[in-house]
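What the coordinates show
The primary structure of each chain is shown beneath.
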Amino acid sequence: MLRSCVFSLVRPLTTVSSSTCRPSLCLLQATNTRSVWSTGQEPRRSTYLQDALTPDEIQTASSAVKGYMSASGVDDPRFVAVSLKEPKPNIDEPPKRQAEVLVLNPSTGIATEMLVQGDEVISSEDLPLGTQPMLTPADCDLAESISKSSEEVQRALKERYGITDMDKVVGDPWSVHLSSEEDRLLVEGDGKPRRLVQTFLYQRMEGEGLECNHYAHPIDILPIVDLNSKSVVRIDGLDRLPAPKIPTDSVNYHRNLLHTNSYLETQWRPRMKDLSIVQKDGPSFNVSDNNLVDWQGWSIRVGFNYREGLVLQDIKYKGRPIMNRASLVEMAVPYGDPSAPFTRKCAFDVGDYGLGYCANSLELGCDCLGHIHYFDVCMADEFGNPTVKKKAICMHEEDTGVLFKHVEYRNGHNESRRSRELVISSIATVVNYEYLFYWRFKLDGSIEFEIKLSGELSTNLTSSGEDPNHPSHGVLVAPGVNAQTHQHMFCCRLDMSIDGEKNTVSEVDIVAEDSPYGNAFGPVETVLKKEQDAVRLYDANKARSWKISNAEGKLNSITGKPTAFKLVPFTSGAAGPTVLTHDTSSVSKKGAFAQAHLWVTPFDEKERYPAGEYTPQSLEQDGLPKWIKGNRNLEAENIVLWHSFGVTHVPRVEDFPIMNVEHTGFTLKPDGFFDGNPAIDIAPDVNKGSKLNTPGCCSS
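Quick caveat, the model's predicted, so the values are computed rather than measured.

1. As for the overall build of the protein
Tallying secondary structure elements over the protein gives 7 helices and 33 strands in all. What you see for the protein is a C-alpha radius of gyration of 27 Å, in line with the 27 Å of a compact globule of 700 residues. If one aligns the C-alpha atoms of the protein with their principal axes, the spans along those axes are about 85 × 65 × 65 Å. Sorting the 700 residues of the protein into buried and exposed places 54% on the buried side. Counting contacts in the protein only where the partners sit at least 6 residues apart, residues at least 24 apart contribute 67% of the total. Accessible surface, the protein: about 31300 Å² in total, of which carbon and sulfur atoms supply 50%. Computed over 72 positive and 94 negative side-chain charges, the separation of the two mean positions in the protein equals 5 Å.

And the structure:
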């Protein structure tokens, strides 16, 4: 199974020790030895205050909530989440650990926030009627089950398409984005608001199990289900007569069904020669206290929760603070088709589904290559029971080519060093899409966050009145199969602490200036003093970046200026626009964070998610636009950067039946943080494992 995986090529590297250099990086080279999994000690609670709840703490908290609700006459609460209430960073007196618990009462449709300390519920607050918490994995399974078991849905499928085997029907669960007044009326139920999920239908035509690429066989009717009443409340598309034909071409990528393809390859190409990564001396990183990682001057706390997934905290370089906390906090995915029912097709994947709940258990030698350290994570299921997800986080080292090089041309002397990165990653599957998240810590002192997008396109038939061979708002990726133009707009929350808690943010543009010979240009720096000044757009024509400087008197010994890092957008993938939906659309209002590339706010522990705490079926604009109305001061404050960026995806035929990865991301680079190149103490090395293929110009 491991040999069937396709993986990235990693170049070989070795190092030798030197008494005047930093401790050597352990050997990393390509060999025929398979990957290694290192998990370290049995997971336990660390000494770090922000460490996630243990299984015992989750069980204790959920038991307390069950007892509390039972006393109120509620015996079957559905648990949406049980997670740590994170204390403020860098506080003098650590508080007692508390659990934030979110539960839903199915009989009333009311969600309740609870705070639990030990085995006692210390606060409980019902959310306003109609406020919907995220859809859990159990909710998604329930939605598909309701849709497929509906007699009305079964009858429609039989009458329109002759489908009677519901095991061959797939219902992808999507949150319902309320784009119109008609959509808003859907929410109104009999005595309690509906908790809605729309289920895009497909047919499996090949294979006996789940292997078939059902996205090659879209069905045009769309059931909408209510999780509270466990019923189908409406089926869209029944008025389209005669029913369009379901595409029948086999377009598969699954290893068991490649041979069934109608027009794509049906056999494997000759296998590539084996390339494996081995570190015979082990990795150069160290893991202690359960989740504290040390590597080449970097120290990082690795965390995880049900909503954000991978969270990094207390990030330092040789003891100097850089960030208190870094995570991906929201994602808006609007589809650009104005035809009904696709006006509702927009997901907020972090707030609607939870990246933690959607995280994969990673596979050694496929998802992660080399000497791997995995971190297991624990979350609560719908009954409040602790559930461990194995290998949810991967950590390894990668060789990334040349770090620096110079040849003195006068005598031919070469000084070069190989670059290596510490990579901490997690992968989430949100229905049809895969999101691969990589935090990369580098020898030059920079931090890169890269997102790779893969998985399958969410497909559909062309709409009534559309030319079936030339879709108006999509691309034919297979005969009769349309993939709509869409965006993936991400937002990262970066709680900065450059050499201390008090920081200031400035915008840096490179601009031309008047000069006698017309050759002058350089940086112009503008301090972002207030929140409303700090809603900014990226400008590639000015090489725009944003500098985060220490405001506590920490100065660079060379420049005399405050120590700093800078945020450089779009260092991975192509630069992209902000959200392209019209300002009046509900997408732009709800996802206002995606209308700018940068927002800056002073730290507030209640300001966690840029589109608000509860995104499913939400109508009121919440989050960043609401927070910045006070126009708070940003100079010499504990500031939080909200960086929005993304991918605008015009599908290609080559994206089907499965997408090769697209890239996007940003880098935080030291800018006057060090007194010079922080990597000059890396010892010279020659990789003894490298082999010459054929003699040539470099053979000497």
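Now that the structure has been shown, the text picks up again.
2. Considering the sheet that holds strand β5 (residues 110-117)
Taken together, the 4 strands give an open sheet; going across it, the order is β3-β4-β5-β6, and neighbouring strands pair in antiparallel fashion. A single partner strand is all that each edge strand has here, and the edge strands are β3 (78-84) and β6 (120-126). Each adjacent strand pair in this sheet contributes to an overall mean axis angle of 20°, direction not counted. Of the pairings in the sheet, the one linking β3 to strand β4 (residues 98-105) comprises 6 bridges and is antiparallel in character. Within β4, the residue paired with Ala 81 across the bridge is Leu 102. The strands touched by helix α1 (residues 55-71) are β3, β4, β5 and β6; relative to β5, the strand with the most contacts, the crossing angle is about 125°.

3. Description of the confidence of the model for the protein
Across the protein, the average pLDDT comes to 91, with 92% of residues at or above 70. Low pLDDT, under 50, characterises residues 1-20; the predicted model gives this stretch 56 contacts beyond four residues in sequence or across chains. Per-residue pLDDT stays below 50 along residues 30-35; that stretch engages in 22 contacts with residues further than four places along the chain or on separate chains.

4. Re the sheet that holds strand β25 (residues 481-484)
On the basis of which strands lie adjacent, the open sheet formed by 3 strands has the order β23-β25-β24 and antiparallel pairing. Edge positions in the open sheet fall to β23 (459-460) and β24 (474-478), since each of these has one partner strand only. Bridge count for β23 against β25 is 2 bridges, and the pairing is antiparallel. Residue Asn 460 lies in a different strand from β25, and its bridge partner there is Asn 482.

5. Focus: the state of the cysteines
One pass over the structure, following the stated rule, counts 1 disulfide. The residue that forms a disulfide with Cys 368 is Cys 394, at a sulfur-sulfur distance of 2.4 Å. Of this pair, Cys 368 sits in the loop between α5 (349-352) and β18 (371-380) while Cys 394 sits in strand β19 (residues 386-408), placing them 26 residues apart in sequence. Residue Cys 368 is classed as buried on the basis of its relative accessible area of 1%. We classify Cys 394 as buried; its relative accessible area is 0%. Lacking any disulfide linkage, Cys 346 is separated from the closest cysteine sulfur, that of Cys 491, by 15 Å. Under the relative-accessibility criterion, Cys 346 is labelled buried at 1%. Summary of cysteine pairing: Cys 491 is not part of a disulfide, and the nearest cysteine sulfur, belonging to Cys 492, is at 7.1 Å.

6. Some details on the nonpolar core
Among the nonpolar cores identified, the biggest contains 117 residues, and Leu 157, Trp 439, Phe 441, Leu 494, Leu 641 and Leu 668 are the most heavily contacted of them. Among the elements that make up this core, the one with the highest residue count is strand β16 (residues 320-334) (6 residues). Residue contacts for Leu 157: discarding those within four places in its chain leaves Gly 162, Ile 163, Met 166, Val 169, Leu 201, Ile 219 and Ile 221. Membership of the second largest hydrophobic core comes to 19 residues, among which are Val 329, Met 489, Ala 596 and Tyr 609.

7. Remarks on unusual backbone geometry
Look at the link from Ala 340 to Pro 341: it is a cis peptide, with omega at 5°. Phe 656 connects to Pro 657 through a cis peptide bond whose omega is 10°. Position of Pro 657 relative to the elements: it lies in the loop between β32 (639-649) and β33 (659-670). Its identity is not glycine, yet Asn 290 carries a phi of approximately 80°, on the positive side. Mapped onto the fold, Asn 290 is located in the loop between β12 (286-288) and β13 (292-295). You can call Asn 290 partly exposed: its relative accessible area is 22%. Positive phi, close to 50°, is recorded for Asn 631, a residue that is not glycine. Within the secondary structure, Asn 631 is located in the loop between α7 (624-627) and β32.

8. A closer look at the environment of Ala 575
Residue position: Ala 575 is located in the loop between β30 (564-572) and α6 (586-590). Ala 575 sits 89 residues away from Thr 664 along the chain, and the two C-alpha atoms are 8.1 Å apart. The contacts of Ala 575, once residues within four sequence positions are left out, are Tyr 538 and Phe 570.

9. Things to note about the packing of aromatic side chains
With the rule as written, the count across this model stands at 21 aromatic pairs. Of the aromatic side chains, those joined through ring pairs into one cluster are Tyr 433, Tyr 435, Phe 437, Trp 439, Phe 449, Phe 490, Phe 645 and Phe 666. The residue whose ring lies beneath Arg 320 is Phe 673, and the NZ or CZ to ring-centre distance is 3.7 Å. Sitting over the face of the ring of Tyr 374, Lys 391 holds its NZ or CZ atom 5.5 Å from the ring centroid.

10. Some details on helix α2 (residues 137-149)
Given a rise of 1.5 Å per residue, 13 residues ought to cover 18 Å, and the 18 Å separating the end C-alpha atoms of α2 matches this to within 8%. What α2 keeps buried is the set Ala 138, Asp 139, Cys 140, Leu 142, Ala 143, Ile 146, Ser 147 and Lys 148. Here the buried face of α2 lies against β3, α3 (151-161), β7 (169-175), β8 (196-203), β9 (222-226) and β10 (231-236).

11. Considerations on the pairing of strand β22 (residues 447-455)
With 9 of 9 residues buried, β22 lies mostly within the body of the structure. The alternating pattern of β22 places Ile 447, Phe 449, Ile 451, Leu 453 and Gly 455 and Glu 448, Glu 450, Lys 452 and Ser 454 on opposite faces, both of which are buried. As paired elements, strand β21 (residues 433-442) and β22 share 9 bridges and run antiparallel to each other. Residue pairing in the sheet places Phe 437 in a bridge with Ile 451 of β22. Between the antiparallel neighbours β21 and β22 lie 4 residues, among them Gly 445 with a positive phi of about 90°. Relative to β33, β22 runs antiparallel, the two being bridged by 8 bridges. Looking at the pairing, Leu 453 lines up with Glu 662 of β33.

About the cut-offs
Residues numbered from 1 in each chain as written. Predicted model: local features only at pLDDT ≥ 70, side-chain atom pairs only at ≥ 80, totals over all residues. Heavy atoms only, no water. Helix = DSSP H or I, 4+ residues; strand = E, 2+ residues; numbered from the N terminus. Rg over C-alpha atoms; globule rule 2.2 N^0.38 Å. Buried < 20%, exposed > 50% of the residue type's maximum accessible area, 1.4 Å probe, protein only. Contact = heavy atoms within 4.5 Å. Areas by Shrake-Rupley, 256 points an atom, 1.4 Å probe, with all protein chains shown as cover. Lys, Arg positive; Asp, Glu negative; His and termini not counted. Charge placed at Lys NZ, Arg CZ, Asp CG, Glu CD. Pairing = 2+ DSSP bridges. Axes fitted to C-alpha atoms, helices over the stretch in contact; angles between N-to-C directions. pLDDT = per-residue confidence, 0-100. Disulfide = S-S within 2.5 Å. Core = buried A, V, L, I, M, F, W, Y, C linked by side-chain atoms within 4.5 Å. Phe/Tyr/Trp six-rings, centres within 6.5 Å; stacked < 30°, edge-to-face > 60°. Lys NZ or Arg CZ within 6 Å of the ring centre and 35° of its normal. Expected span 1.5 Å × (residues − 1).

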